[in-house]
Amino acid sequence: CPFARVTGMASVLCAPLRSLLHGKGAPRVIASAAAPLPMLRKSSTQIRRGLASGVDDHQLNGQWLDVTVAHGVVPAHDPGGPHGTLMHAVEHAVAQSPVSGAMEAFQAQDHLPLLDGMFIPPVAAVRVPEFVPQGVALAELERTLQPLEHARCLPGACFTSDEWYQREMSTIFAQSWILMGREDELPCAGSYITIRIPGVGPTVLVRGKDGVSRAFANVCSHRGAQLLHDEVGQLRGGIVCPYHAWTFALDGSLKGVPKGGHCTQHKKDLGLTSLPLASFRGFLFVNADPQPKQALEAALGNLPALILDQWPLEDMVTVRRATYDVPCNWKFLMENTSETYHTSYVHGASLGSMPSSPCKEVLGQEPLGDWDAVHIPYQRSVVPLPSAEAPFPEVAPSTYFVNLFPCLQVNVTKDCAWWMRLLPTSAASTRVTMGFLFPKATAAMPDFDAKLEHYLYRWDLAVREDNEISVNQQEGVGSHFYRPGPYHELEFATHKFDRWVVQRCLGGASF
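Residues numbered from 1 in each chain as written. Predicted model: local features only at pLDDT ≥ 70, side-chain atom pairs only at ≥ 80, totals over all residues. Heavy atoms only, no water.

Participant: Please provide a residue-by-residue account of the sheet that holds strand β10 (residues 191-197), values included.
Facilitator: The five strands lie next to each other as β13-β10-β11-β12-β17, forming an open sheet whose pairing is antiparallel. Every interior strand has two partners, whereas the edge strands, β13 (232-234) and β17 (274-275), have only one. By the bridge criterion, three bridges tie β10 to β13 in an arrangement that is antiparallel. Across the sheet, residue I193 finds its bridge partner in β13, namely V232. (Pairing = 2+ DSSP bridges. Helix = DSSP H or I, 4+ residues; strand = E, 2+ residues; numbered from the N terminus.)

Participant: Any details on the packing of aromatic side chains? Residues and values, ideally.
Facilitator: All chains considered together, the criterion is met by 16 aromatic pairs. Aromatic side chains F159 and F332 sit 4.0 Å apart centroid to centroid with 5° between the ring planes, which places their arrangement in the stacked category. On the criterion of sequence distance, the pair formed by F159 in helix α5 (residues 157-160) and F332 in helix α9 (residues 330-337) is long-range, its members being 173 residues apart. Across the pair, F332 and F159 agree in class, each one buried. Measuring from ring centre to ring centre gives 5.1 Å for F392 and F438, while their planes differ by 65°; the resulting arrangement is edge-to-face. You can see F392 sitting in the loop between β22 (371-376) and β23 (399-404) and its partner F438 sitting in strand β26 (residues 429-439), a full 46 residues away along the chain. For F392, a relative accessible area of 5% corresponds to the buried category. Residue class for F438 comes out buried when judged on its relative accessible area of 0%. (Phe/Tyr/Trp six-rings, centres within 6.5 Å; stacked < 30°, edge-to-face > 60°. Buried < 20%, exposed > 50% of the residue type's maximum accessible area, 1.4 Å probe, protein only.)

Participant: Can you break down the sheet that holds strand β18 (residues 277-280) residue by residue, with the values?
Facilitator: Strand order in the open sheet made by the three strands is β9-β19-β18, with antiparallel pairing throughout. The open sheet is flanked by β9 (177-182) and β18, the only strands paired with a single partner. Going from strand to strand, the sheet's axes swing by 30° on average, the running direction of each strand aside. By the bridge criterion, five bridges tie β9 to strand β19 (residues 283-287) in an arrangement that is antiparallel. (Axes fitted to C-alpha atoms, helices over the stretch in contact; angles between N-to-C directions.)

Participant: I'd love a proper account of the nonpolar core, names of residues and values included.
Facilitator: Membership of the largest hydrophobic core comes to 73 residues, with the highest contact counts inside it found for F438 and W459. Residues within four places of F438 in sequence aside, it is in contact with D315, M316, V317, V319, F392, D415, C416, F448, L452, Y455 and W459. By size, the runner-up hydrophobic cluster in this structure holds 28 residues, among which are W177, F285, L300 and V402. (Core = buried A, V, L, I, M, F, W, Y, C linked by side-chain atoms within 4.5 Å. Contact = heavy atoms within 4.5 Å.)

Participant: Can you explain the pattern of salt bridges? Please cite residues and give values.
Facilitator: When the charged atoms of two side chains with opposite charge come close together, those side chains can pair. Taken as a whole and judged by the stated rule, the model has 15 salt bridges. Between E183 and R207 there is a salt bridge, with its nearest N and O atoms 2.7 Å apart. Placement of E183 in the loop between β9 and β10 and of R207 in strand β11 (residues 201-207) is noted, with a sequence separation of 24 residues between them. Judged by its relative accessible area of 29%, E183 falls in the partly exposed class. Residue classification places R207 among the buried positions, given a relative accessible area of 13%. (Salt bridge = Lys/Arg side-chain N within 4 Å of Asp/Glu carboxyl O.)

Participant: Go over the environment of R380, please, and point to the residues and values.
Facilitator: In this structure, R380 sits in the loop between β22 and β23. Judged by relative accessible area, which is 24%, R380 ranks as partly exposed. For the pair formed by R380 and D415, sequence separation is 35 residues and the distance between their alpha carbons is 8.5 Å. In contact with R380, not counting residues within four places along its chain, are L385, P386, A388, E389, A390, E394, T399, T413 and K414. A polar atom in the side chain of R380 sits 3.0 Å from the backbone oxygen of L385. (Polar contact = N/O pair within 3.5 Å; in protein donor to acceptor, adjacent residues only side chain to side chain.)

Participant: Which residues make up the packing of α9 against helix α13 (residues 448-477), and what are the values?
Facilitator: The description of two helices packed together rests on the angle between their axes and the distance between the axes. α13 packs onto α9 with a crossing angle of 130° between their chain directions and a minimal axis gap of 9 Å. The orientation of α9 relative to α13 falls into the category oblique. Where α9 crosses over α13, the handedness of that crossing is right-handed. Residue-level contacts link F332, L333 and N336 of α9 to D466, N467, I469, S470, Q473, Q474 and V477 of α13. Taken together, the residues of the contact of α9 with α13 sort by class into four nonpolar, five polar and one charged. (Parallel < 35°, antiparallel > 145°, perpendicular 65-115°, else oblique. Left-handed = near helix turned anticlockwise from the far one by under 90°. Nonpolar A, V, L, I, M, F, W, Y, C, P; charged D, E, K, R; others polar.)

Participant: Lay out the packing of α9 against helix α14 (residues 492-505) with the relevant residues and their values.
Facilitator: In contact at an axis separation of 8 Å, α9 and α14 are set at 145° when each is read in the N-to-C sense. Helix-helix and strand crossings are classified by hand; for α9 and α14 the assignment is right-handed. Facing W330, K331, M334 and E335 of α9, the residues of α14 in contact are T494, F497, D498 and V501. Tallied by class, residues from the contact of α9 with α14 come to four nonpolar, one polar and three charged.

Participant: Quick one: what's the story with α14, residue by residue and with numbers?
Facilitator: Between its first and last C-alpha, α14 extends 20 Å over 14 residues, near the 20 Å set by a 1.5 Å rise per residue. Most of α14 sits out of view: 11 of its 14 residues are buried. Every buried residue belonging to α14 is among F492, A493, T494, H495, F497, D498, W500, V501, V502, Q503 and C505, and all of these are buried. Buried positions along α14 lie against α4 (138-144), α6 (162-173), α9, β21 (357-358) and β22. A positive phi of about 90° marks G507, the residue just after α14. (Expected span 1.5 Å × (residues − 1).)

Next up, the structure:
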């Protein structure tokens, strides 16, 4: 069945339509992407108007709806007569198709009498994502998915809608590798780092007495109290719940229950919930999915070979952290990190203009995996302000700003590296955490701390300027009059990130 080649689900067709389509005709496109594309909602009543066969919507794998529609209907007694009213309904539906190329039409070789005397020569199969958030037109998302020169920025509701935000939590953050911190931040047994994985909950990373780092849900298995609150800390013994003092060993097992009782009979079943943990060159990533859909290596793809292997990341140490709570959607911050188009204006009095180019133009290869990078052609470290010197030894040949989706930027330059993690706390608020890395030998220099202050000043100045313009966007994008504009050529990496978000939220479709 030709329909089966599109959806793999020929069984969704009613018997008369199956008999019409089976083995007959060849596909042809019946709609143009240039047509106006308002939203086609889940209900397709207008498509089925006059269709007495009972053809209906079908949910496929929790991701797609297949709507079988007739393109032309003529009365049985007048096969050559004008098309019936159903044709107009179908043309309306086709014009509203949310995704170009999602339709295939199959022209039957013969007109067979169907549906109580009506003829339905061609049939179209329209695939529509199951998730359609309120206030977000699929047509607008489809425009974001277009090639850069034709694409439009994300619609405003993607930054303000609670429904869209919850979709991001379930399809992105609950399934992605999220940076917890660095190995060097866990120097000994009992060292720990905490984060709150968006849409999932508190999480803790702790080094055990055996030297092994483990990730757990940061929640007591008794009555759900959060166990540890400091972002980084050191335990003297085990993990003690602040509520009833249940105590857990550093390997997550339940160690003690005050005043005993029958709870002690179930100690072996009441340990902390373990979470998958993966490491890369000193970075530690956690995944809230007990069985991650892809390994960290798959998400990194060819990033190590193309870029990061040039830096001694595993030999670097974290010299400082910084945290900011920003009242804007996390994507504004991630988009901002992806381009240098804004630097002449947002950072005009600080960093100044910053040229950039896609990494694929420099490296000669496309990024493979959940990442992209911008190459900065500086002759020295990119960190010092234009009027300042670069005082530290160089350890690498160039500068890249690397975005690892969904929410991490790792910037590598000639003398150091730094990372920035963006964890949404609501649709309109984000916690930004930064870590600053230097080679051990550099950090051991006698005057390192004094020279570091200039770098810390620059990092803080730049991120505050970025945060301020992102808050500005949050306030503006909620306007009734906001209409997404085109991407500039220098926003190539921003466009790729936005496409990735849309594809994940709509069930992994690449369109």
